[in-house]
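Listed below, chain by chain, are the residues.
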Amino acid sequence: MKCTFCEHELTPEMLREKGCGGCLGGCRKIHCPYCGQENPIVPELLEKFLKDDKHKA
Amino acid sequence: MQSQTQTEKKIILVGNPNVGKSVVFNTMTGSYTTVSNYPGTSVEVSRGQCEIAGEHYQVLDTPGMYSLLPITEEERVARRILLEESPHVVVHVIDARNLERMLPMTLQLIEAGLPVVLLINIMDEAERVGMHVDIALLQEKLQIPVVGGAMGRAKRGLWELRDAIRDFEVSKATFNYATDLEKDIHGISELMQGDYTLNRRSLTLMLLQRDEEIAERVKDREGDRYERVEKAVNDTIFDRRVDLHLRISLERKRICNGLLGGVITQKDGNQQTFADHVSNWTMNPWTGVPLLLIVLYLGLYQFVGGFGAGTIVDFLEGAVFEEFLNPWVIGLCETYIPWYWLNELLVGEYGLFTLGVRYAVAIILPIVGTFFVAFAVIEDSGYFPRLAMLVDRVFKKIGLNGRAVIPMVLGFGCDTMATVVTRTLESTRERIIATLLLALAIPCSAQMGVILGLLSGVPGALMAWMVSMVGVFLLVGFLAAQIVPGERPMFYMEIPPMRLPQIQNVMIKTLTRMQWYFMEIFPLFMIASVLLVAGKLSGALEWLVGMFNPVMRLLGLPNEASAAFIFGFFRRDFGAAGLYDLQTEGLLDPVQLTVAAVTLTLFVPCVAQFLVMQKERGWKTSLTIFFLVTGLAFAVGWALNKFLLMTGFLV
Ligand SMILES: [Zn+2]
Ligand SMILES: [Zn+2]
């Protein structure tokens, strides 16, 4: 995915550990190391659903 | 020349992600490839073989990198490959459509003394939008082989690339920075005598930008001499007292602009130029501010305020909860639950269901949902970085620091997160000013949504609120900037292209944000409910409300408003939702509503933000900010009330 602010490429694996520490119940965001933007992590279910949709199309 | 027992020469592919590097790799190597983790890391690197003019080469595909100065694990590995694998040729793959953004890294690679071949990929797409790249001219200017290609389907440029690799000769081109910088670089690189893969000039540049890995390497190779190098580097950084990182990248930009002069020509493709026009309009203060107001009006006022906080909330709150769900649940509880306290806890004035669930589902969720839709549309269009540039210019005029723009813009999403982001600011001073302004005058998305919804129904109220917020923000910022003097480093940000938002992107972002938002607020609302009920039953709440009453009277507000302020400390949106309740019960006139909204927006940040503030800035600063913000909020509320009553505006 791309950072929604500065458009640098982000991968969840490399950034997931860098939570902001401010969120209750764990961080559900990817914090961009380039600009600090908080990018929402797409829930697996939603991602799966969208992928299936694409295959059908 | 060639020995029989030659070791395989290496071709290393580098470049940003999404420039077609892997396609180039596959086209060059065919099927003889292996993928394995790079030693000591979890990052995957592909290797393959190819033969050019009878000679064997090993081809390496590196993870995407944006710069020789790594931030991520991927980039670190990519750089380590360049440092350790002694390449015969480094092929820098870039996207023709983004030449300007990617060429600075080509420059970095060349100045590091690496044997660079530049492959300008995706030429077909660039040509389709009317762009022409003069490859020969660029090659002449860069003094390295430059190949244009489109490796996707046609494998265009493959043979030229192979030829360039076959005939490769290392060039000695250098690109000079500003004289003062050059002097510094020269002075430091003179001190280094070790043997390096990269040249000393580029090592110096990285040392000046505080690259620790490079510092370790240099320390290793220089031994006793390192002390002098380190001292020279530190002295230079100290003497310059500017952001060298920024300075160097700006110099590179300058050189690249010079290099690209005459290289790119754009045929009149109308669509392309229109997007460019829009992009320029958004960043020019004269057109940018009106555009910003239009965006705010349509996106926030009409969509979030009118549709979200009006139509949807009216339906959920009025029809679903008040008329249908609440009576039913309350009836159920009263029939089956004999204990007063449990009834209170579940369906009382501050009950889990009647307050917690209702606030979260019927008031906050629709507002936040519509806000997130608007936010995602604006975000996906690429507007925000432009806004940052625009606001930066306006900021500078009143003596504020431009770099603080990013956390400020992000603050409209969530102040807590934005407070963390102030870390990226250069000096402690900037961080403190930014943290203060965030805590004081930047409403988070949920709060803004509720307030917009509330105020948009009352003519003039929204205007008064906006003027107050902007006024306080500018005044406090201006004063803080005067009290805390310091340098104002230049603000620079890469601007990605502007484009039409895509429905799917908007949908994904909105749903995802709504999910995490809900997961975060719901438990909090429940906890707040429990605390409030406990407070009510024990009498503590009454006491607390009693404490607030004189303050409310000073602000000209009814006693009932105390509760909203107490809620407000749990979460900003919670307080705003409390205000919403008061308004629907008809307890507030327009002046009171406006005063309450302004005071509540300025009032203390929520618990989460306070905790983060404490973590980032320490007790002393965060408590000072806390008291300052509280004092200011009530002072402004008081003054506003007097002013509105005196002028008769809104009455
Ligand atoms: Zn970013
Ligand atoms: Zn977080």
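All names here are of chain B. Under the counting rule described, the total for this entry stands at 8 aromatic pairs over all chains. Note on Phe-565 and Phe-634: the rings are 5.9 Å apart at their centroids and 35° apart in plane angle, and the pair reads as tilted. Of the two residues, Phe-565 sits in helix 24 (residues 561-570) while Phe-634 sits in helix 27 (residues 607-647), which places them 69 residues apart along the sequence. A relative accessible area of 1% means that Phe-565 is categorised as buried. Relative accessible area serves as the criterion here: at 16%, Phe-634 is assigned to the buried category. Plain terms: the ring middles of Phe-603 and Phe-634 are 5.5 Å apart, the flat faces sit at 70° to each other, and that makes the pair edge-to-face. In this pair, Phe-603 sits in the loop between helix 26 (590-602) and helix 27 while Phe-634 sits in helix 27, placing the two residues 31 residues apart along the sequence. Each member of the pair, Phe-603 as well as Phe-634, is classed as buried.

Within a sheet, each strand pairs with its neighbour through backbone hydrogen bonds, oriented either parallel or antiparallel. Residue and element names in this part refer to chain B. On the basis of which strands lie adjacent, the open sheet formed by 7 strands has the order 2-3-4-1-5-6-8 and mixed pairing. Every interior strand has two partners, whereas the edge strands, strand 2 (33-37) and strand 8 (146-148), have only one. Across the sheet, the mean angle from the axis of one strand to that of its neighbour is 25°, orientation sign disregarded. As judged from the 7 bridges shared by strand 3 (residues 44-52) and strand 4 (residues 55-61), these two strands associate in the antiparallel manner. Considered in strand 4, the bridge of Gly-48 is made with Val-59. Helix 2 (residues 73-84) contacts strand 1 (9-14), strand 3, strand 4 and strand 5 (89-95) of the sheet and is inclined by roughly 155° relative to strand 1. Here helix 5 (residues 135-142) sits on the sheet and contacts strand 6 (116-121) and strand 8; the angle it forms with strand 8, its principal contact strand, is near 160°.

Another aspect to go through is helix 2 of chain B. For helix 2 of chain B, which comprises 12 residues, the first-to-last C-alpha distance of 16 Å matches the rise-based estimate of 16 Å (1.5 Å per residue) to within 8%. Backbone geometry just downstream of helix 2 of chain B places B:Ser86 in the positive-phi region, at approximately 35°.

Another aspect to go through is the nonpolar core. All names here are of chain B. Formed by 112 residues in total, the largest nonpolar core has its most connected members in Trp-465, Leu-579 and Leu-602. The greatest single-element share of this core, amounting to 16 residues, is contributed by helix 15 (residues 352-380). Residue contacts for Leu-579: discarding those within four places in its chain leaves Leu-454, Ala-564, Leu-588, Ala-596, Ala-597 and Leu-600. Leu-82, Leu-119, Met-192 and Val-218 belong to the second largest nonpolar core, which has 90 residues in total.

Residue and element names in this part refer to chain B. Counting through the fold element by element, Ser-67 comes out in the loop between strand 4 and helix 2. In this structure Ser-67 comes out as buried when scored by relative accessible area, which is 18%. Here the side chain of Ser-67 touches Leu-69 through a polar contact of 2.8 Å, landing on its backbone nitrogen. Not counting the four nearest positions on each side in its chain, Ser-67 is found in contact with Glu-75, Met-105 and Gln-108.

It is worth spelling out the packing of helix 19 (residues 428-441) of chain B against helix 21 (residues 461-483) of chain B at this point. In a packed pair of helices, the relevant descriptors are the angle between the two axes and the axis-to-axis distance. All names here are of chain B. Where helix 19 meets helix 21, the closest approach of the two axes is 10 Å, and the angle between their N-to-C directions is 160°. On the basis of the axis angle, helix 19 is roughly antiparallel to helix 21. Crossing handedness for the pair helix 19 and helix 21: right-handed. Residues Ile-433, Leu-436, Leu-437, Leu-440 and Ala-441 of helix 19 form the contact with helix 21, whose own contacting residues are Met-469, Val-472, Phe-473, Val-476, Gly-477, Ala-480 and Ala-481. When grouped by side-chain class, the residues that make up the contact of helix 19 with helix 21 number 11 nonpolar, 1 polar and no charged.

Residue and element names in this part refer to chain B. With a phi close to 35°, Ser-86 is a non-glycine residue in the positive phi region. Take Ser-86: it is sitting in the loop between helix 2 and strand 5. Residues other than glycine seldom take positive phi values, yet Arg-210 does so here, at roughly 60°. For Arg-210, the position within the fold is in the loop between helix 8 (200-208) and helix 9 (212-222). According to the relative accessible area criterion, Arg-210 is exposed, its value standing at 55%.

A few words on helix 9 of chain B. All names here are of chain B. All buried positions along helix 9 are accounted for by Ile-214, Ala-215, Arg-217, Val-218 and Glu-222. Down the axis of helix 9, the sector holding all buried residues measures 165°, keeping them to one side. Seen from the buried face of helix 9, the exposed residues on the opposite side, beyond 90 degrees, are Glu-212, Glu-216 and Asp-220. Turning to helix 9, the residues buried within the fold contact helix 2, helix 7 (179-191), helix 8 and helix 10 (226-240). The backbone nitrogen of Glu-213 has a side-chain oxygen 3.1 Å away, supplied by the residue at the start of helix 9, namely Asp-211. Of the residues trailing helix 9, Gly-223 is marked for its positive phi of about 60°.

Calculation criteria
- The residue numbers shown here count from 1 along each chain, following its written sequence.
- Labels are handed out in written order, letters beginning with A for the chains and numbers beginning with 1 for the ligands.
- Given that the model is predicted, a residue must reach a pLDDT of at least 70 before its local features are reported, and side-chain atom pairs must reach 80 or more before they are shown or counted; all residues, however, enter totals for whole chains, interfaces and linings.
- Computation of side-chain values covers all heavy atoms of the structure but excludes hydrogens and water.
- Note on ring pairs: Phe, Tyr and Trp rings are taken, using the six-membered ring of Trp, and paired if centres are within 6.5 Å. Classes follow the plane angle, with under 30 degrees stacked, over 60 edge-to-face and the rest tilted.
- Helix and strand definitions here come from DSSP, where helices need a minimum of 4 consecutive H or I residues and strands a minimum of 2 consecutive E residues; each element is numbered from the N-terminal end.
- When a residue's accessible area, from a 1.4 Å probe over protein chains only, is under 20% of the maximum for its type it is buried; when over 50% it is exposed; and in between it is partly exposed.
- Whether two strands pair depends on DSSP finding at least two bridges between them.
- Here an axis means a line fitted to C-alpha atoms, over the contact stretch when the element is a helix, while the angle between two N-to-C directions is reported on a 0 to 180 degree scale.
- Contacts: residue pairs with any heavy atoms within 4.5 Å of one another.
- Helix span, expected: 1.5 Å multiplied by one less than the number of residues in the helix.
- Side-chain atoms within 4.5 Å are what join buried Ala, Val, Leu, Ile, Met, Phe, Trp, Tyr and Cys residues into a set we call a nonpolar core.
- Polar contacts, as counted here, are pairs of nitrogen or oxygen atoms within 3.5 Å of one another; within protein the pair requires one atom able to donate a hydrogen and one able to accept it, and residues that are adjacent in sequence qualify only if both atoms are side-chain atoms.
- Every angle not falling under 35 degrees, over 145, or within 65 to 115 is termed oblique; those three ranges are roughly parallel, roughly antiparallel and roughly perpendicular.
- Throughout, a crossing is termed right-handed when the near helix is turned clockwise from the far one, and left-handed when it is turned anticlockwise from it by less than a right angle.
- Throughout this entry, Asp, Glu, Lys and Arg are counted as charged residues, while Ala, Val, Leu, Ile, Met, Phe, Trp, Tyr, Cys and Pro are counted as nonpolar. The remaining residues, Gly among them, count as polar.
- Arc, as used here, means the arc of the directions from the helix axis to the C-beta atoms.

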